[in-house]
Amino acid sequence: MVLTLLFSCTVPRHYQYHQPFVFAVNVKVEGNFPSGEKRDLETRLSNQLDDSLRPQIVSIIGLYRKVMNPPVFDTANIRRSIGFMNSLLNALGYNTPAIKDTVRRDTVRFKKHPERNEYRVTIDFTIYPGTQMRLDSIGFNLSTPALQALALEHRKESFLKKGLPYSKQLMSNERDRLVNLFHNNGYYYFTKDDLVFFRDSVVSALIDPNLDPFQQAALLEELKKKREHPTINVEVSERPVHDSTHITKYYVGHINVYPDLPIIIEDTVTVSNIDTSAARGITLISRANKFKPWVITDNVFVRPGSLYRQQNVIRTLNRFNQMGAWQQSTMSFTPSDSSDSVLDGTLKLYPAVKQFFNADYEVARNTNDIVTATNLFGINANLGLRNRNAYKQSVLTSTTLRGGVELGSDFIQTTQASISHTISFPRLLPRQLRLLFGRQGRLDSLRSVVNVNASYIDRHQFFTMRSINGSFGWERTWGNRSLLLRPINIEYTQLSKTDSFNSYLQKVPSLNLAFKSGLVLSSQVVYKIFNKYGRHSDFVSFSGESSGGLAGLISRKLDEGALWRFVKGEVDYRHHIDYRRSQLAFHAYAGAGWAYGREGSGWEQTLPFYKAFFAGGPNSMRGWQVRQLGLGSSKFYDTAGKASGTYPLDRFGDVQLEGNIEYRFPIGTLFNSVKVLSAIYVDAGNIWDRHVLIDSPAITKEADKGSDFQFNRFYREFAVDAGTGLRFDFDWFIIRFDWAYKLKDPQRQDHSESWFYDMQLFKGQFQLGIGYPF
């Protein structure tokens, strides 16, 4: 704040000498408006300014601003801008706005170079919008009976509701809704120009010459009320019919499909070997026989003999665009020779490049190393091969080979390699399951996915991990929702541990119980919802996983051996509120797991480490290093780590609760391209075990007191941190630097100063992250 007050300034650059120039323009709305609506209206009015009243401002971290090439001041530009702003206000239903402009002139003189004197002009616009008109009565009066019946049948879907603010955009939205409604009911040639909206904002009865004085007085009183609270009546009518095709209901005739057209039109090339086939009333005209016919016909939703519906055309085009084998699709209709009310369709599909190879590398900072709290610097190379049309069925296959190293104190600390292969079918498999979904539209965006991968990790001086994974499931996205259902997920992890790593595990009860070879036979589900209303956005994710439930019942030997049996669920919620230049973000997370399988003659006590919960790091509780928070209020992990010389020890748990609030705002720009932003935030949360791990020889129940989740005390064991940071937005990615302080450490909850314990200016926690934390 001190730096901003002392050193912030705005300097013009490349202005015309001896000419007054536009230095700044301010737009202010006066009136009784909610703050959010007022800021939004000011922004929209600012966008109506004439281009010659828009100085280009370049900001450098908010402290230094340059006005580049400021335009020469001309009063004619003020008049044009006022006209543009009045037009916008009228379109929004403000019929009697008032706009006042104030021009301020300042001169900055240079004694040594008087020819460089600056003649700065600042223009202030003060807008008094007045009272906004609202809708009163809404009627439909279409001359075509069938269209009138459709409009009245779907009246509840209308955008025009009594009491809503009037605007031209609202009228346009209603016009589009009606045209789409008619297009979806066979009226192919109906257009926007066939509709007319009559608006009446006065009491039209006043012009009736037959009114007696008493009636006229009553109407004048009503007119007075309308001036105080103006309303408008709207009637939707139909223009006189000049072309009967516009009110004719059409049906679909024959469909021709060209599944493999080239993007470049071949004017001089004669194509031979044209293959023509027909199925379901659809004719396929193929040049190269790249696709199996049923792949095309199963995804054409415009059926011969059916009523023409525009939504089926859009659905067909979206389907082919989503499948991946085609880069472009178009569909057109022409009158059929068979009947005056039939349309023949032509669907043109342009295939994408079938196969492509990619090679890339990445440099990353790994904060998720599960053995040491030091952050590793990784270098990886990736090779990938993709096929967009495997088996001639628009099946997407992808093979990826990945290899890399992580550098640490011993130079190369980790060597890793993996290979994965994914097959994505653009339909539901097996086909018999389609009967469960009823309407075919539910399957439009569904994909069946098979994935196999294998990986090898050599963590030098600690362990070697080999894992193999295979899964089958379905993915679907529709509207603002997505669903991942994976009924089969098989993971086997084999660990070969060194003596030094075994010694490390004996000091950490959660890792000692969780870090072992094991088999996961699970089913997984993830359901996500996104909603945006006004300046509010909601993101909700529900996920669950169950492993070994049936397999453990079938085979006791498997249950007592390598099989992990557990259930796990998570809920993630984010809410964003967008302001004019800033954003307020809320985040809440809850996750819990329960391991219930046998382990030898006993029972599993915790989740495997790669399924367990942890807190801390750049995307969680930012006042703590990654995996350095918890468990609960237990002091064991601090005291044991310091005593053994391996401090700090990693923490994993079976339960996690967390909440975050972050206010994000811009500061300026760097090099006229990189946006510089900042944020202030508060995090609260912790992790716990399901119960005290008293069966571990390395720990006693008393030492681990407070590590288990209990309803009567968990809320007192929340950790709290707060901080700020810088974010550099390069458009395609964001680099984030955060600095946080521990406000409340649950391990100090019995201390008289549990809040702000040992808090010092330079004793915070630095975090480096990519992207936003939530």
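### Topic: the side chain of Glu491
Residue placement: Glu491 occurs in strand E21 (residues 481-497). Of the polar contacts made by the side chain of Glu491, one reaches the side chain of Asn489; its length is 2.7 Å. In contact with Glu491, not counting residues within four places along its chain, are Ile468, Asn469, Gly518, Leu519, Val520, Gln524, Glu545, Tyr610 and Lys611.

### Considerations on a positive patch on the surface
Residues Lys290, Lys292, Lys354 and Lys392 make up a contiguous surface patch of positive charge. For Lys290, the position within the fold is in the loop between strand E12 (282-286) and helix H7 (293-297).

### Some words on the sheet that holds strand E6 (residues 118-128)
Read from one edge of the open sheet, three strands run E2-E6-E5, paired in mixed fashion. Bordering the open sheet on either side are strand E2 (20-29) and strand E5 (98-108), each of which pairs with just one other strand. Taken over all neighbouring pairs, the strand axes of this sheet differ in orientation by 20 degrees on average, direction set aside. By the bridge criterion, nine bridges tie E2 to E6 in an arrangement that is parallel. Within E6, the residue paired with Val27 across the bridge is Phe125. Against the sheet, helix H2 (residues 35-46) touches E2 and E6, its axis set at about 145 degrees to E2.

### Quick word on the pattern of salt bridges
Tallying each qualifying case throughout the model produces 21 salt bridges. Between Lys611 and Glu545 there is a salt bridge whose closest N-O contact spans 3.1 Å. A residue pair is termed long-range when its members are at least 10 positions apart, and Lys611 in the loop between strand E28 (602-603) and helix H13 (636-644) and Glu545 in strand E23 (residues 536-547) qualify at 66 residues. For the residue pair Lys611 and Glu545, the accessibility class agrees, reading buried in each case. One salt bridge in this structure joins Arg622 and Asp738, with 3.5 Å as the shortest N-O distance. A residue pair is termed long-range when its members are at least 10 positions apart, and Arg622 in the loop between E28 and H13 and Asp738 in strand E32 (residues 734-744) qualify at 116 residues. Like Asp738, Arg622 is buried.

### Some remarks on unusual backbone geometry
In this model, Leu429 is joined to Pro430 through a cis peptide bond whose omega is -10 degrees. One can find Pro430 in the loop between strand E18 (411-425) and strand E19 (446-459). Although it is not a glycine, Lys392 adopts a positive phi angle of roughly 60 degrees.

### What about the sheet that holds E12?
Reading across from one edge, E11-E12-E10-E14-E13 is the order of the five strands in this open sheet, with mixed pairing throughout. Bordering the open sheet on either side are strand E11 (275-279) and strand E13 (326-335), each of which pairs with just one other strand. When strand polarity is set aside, the average angle formed by the axes of neighbouring strands in this sheet is 20 degrees. Looking at chain direction, strand E10 (residues 251-258) and E12 are connected through three bridges and run parallel. The residue bridging Asn256 from the neighbouring strand is Thr283, located in E12. The strands touched by helix H8 (residues 310-323) within the sheet are E13 and strand E14 (342-351), with E13 carrying the most contacts at an inclination of about 160 degrees.

### Remarks on the confidence of the model for the chain
Considering every residue of the chain, the mean pLDDT works out to 83; 84% of them sit at 70 or more. Taken together, the stretch residues 3-7 has pLDDT below 50 and engages in four contacts with residues farther than four places along the chain or on a different chain. Note that residues 365-376 has pLDDT below 50 and, in this model, 42 contacts with residues that lie over four places away or in other chains.

### Topic: the packing of aromatic side chains
This structure, assessed with the given rule, holds 31 aromatic pairs. Judged by centre distance (6.3 Å) and plane angle (70 degrees), the rings of Phe614 and Phe652 are edge-to-face. A residue pair is termed long-range when its members are at least 10 positions apart, and Phe614 in the loop between E28 and H13 and Phe652 in the loop between H13 and strand E29 (655-670) qualify at 38 residues. Looking at Phe614, the relative accessible area reads 29%, which means it is partly exposed. Classification of Phe652 by relative accessible area gives buried; the value is 4%.

### Let's talk about the pairing of E12
Burial analysis of E12 places five of its five residues in the buried class, the great majority of the element. Of the two faces of E12, the one holding Ile282, Leu284 and Ser286 and the one holding Thr283 and Ile285 are both buried throughout. Note that E11 and E12 share five bridges and pair antiparallel. Its bridge partner being in E12, Thr276 is matched across the sheet by Ile285. Here E11 hands over to E12 after two residues, with Arg280 in that stretch at a positive phi of 55 degrees.

### Section: the packing of H2 against helix H3 (residues 75-91)
Interaxial distance between H2 and H3 falls to 9 Å at its minimum, and their mutual angle equals 135 degrees. One element, H2, and the other, H3, form an angle in the oblique class. Relative to H3, the crossing made by H2 is right-handed. Across the interface between the two elements, Leu41, Arg44 and Leu45 from H2 touch Met85, Leu88 and Leu89 from H3. Here the residues of the contact of H2 with H3 sort into five nonpolar, no polar and one charged.

### A few points about the packing of helix H4 (residues 145-153) against helix H5 (residues 168-183)
Closest axis-to-axis distance for the H4/H5 pair is 11 Å, and the angle between their directions is 115 degrees. For the crossing formed where H4 meets H5, the hand is right-handed. Residue-level contacts link Leu147, Leu150 and Ala151 of H4 to Leu178, Leu181 and Phe182 of H5. Across the contact of H4 with H5, the residue classes break down as six nonpolar, no polar and no charged.

Conventions we followed
Residues numbered from 1 in each chain as written. Predicted model: local features only at pLDDT ≥ 70, side-chain atom pairs only at ≥ 80, totals over all residues. Heavy atoms only, no water. Helix = DSSP H or I, 4+ residues; strand = E, 2+ residues; numbered from the N terminus. Polar contact = N/O pair within 3.5 Å; in protein donor to acceptor, adjacent residues only side chain to side chain. Contact = heavy atoms within 4.5 Å. Patch = residues over 30% accessible without salt bridge, like charges linked within 9 Å, V, L, I, M, F, W, Y side chains within 5 Å. Areas by Shrake-Rupley, 256 points an atom, 1.4 Å probe, with all protein chains shown as cover. Salt bridge = Lys/Arg side-chain N within 4 Å of Asp/Glu carboxyl O. Lys, Arg positive; Asp, Glu negative; His and termini not counted. Charge placed at Lys NZ, Arg CZ, Asp CG, Glu CD. Pairing = 2+ DSSP bridges. Axes fitted to C-alpha atoms, helices over the stretch in contact; angles between N-to-C directions. Buried < 20%, exposed > 50% of the residue type's maximum accessible area, 1.4 Å probe, protein only. pLDDT = per-residue confidence, 0-100. Phe/Tyr/Trp six-rings, centres within 6.5 Å; stacked < 30°, edge-to-face > 60°. Parallel < 35°, antiparallel > 145°, perpendicular 65-115°, else oblique. Left-handed = near helix turned anticlockwise from the far one by under 90°. Nonpolar A, V, L, I, M, F, W, Y, C, P; charged D, E, K, R; others polar.

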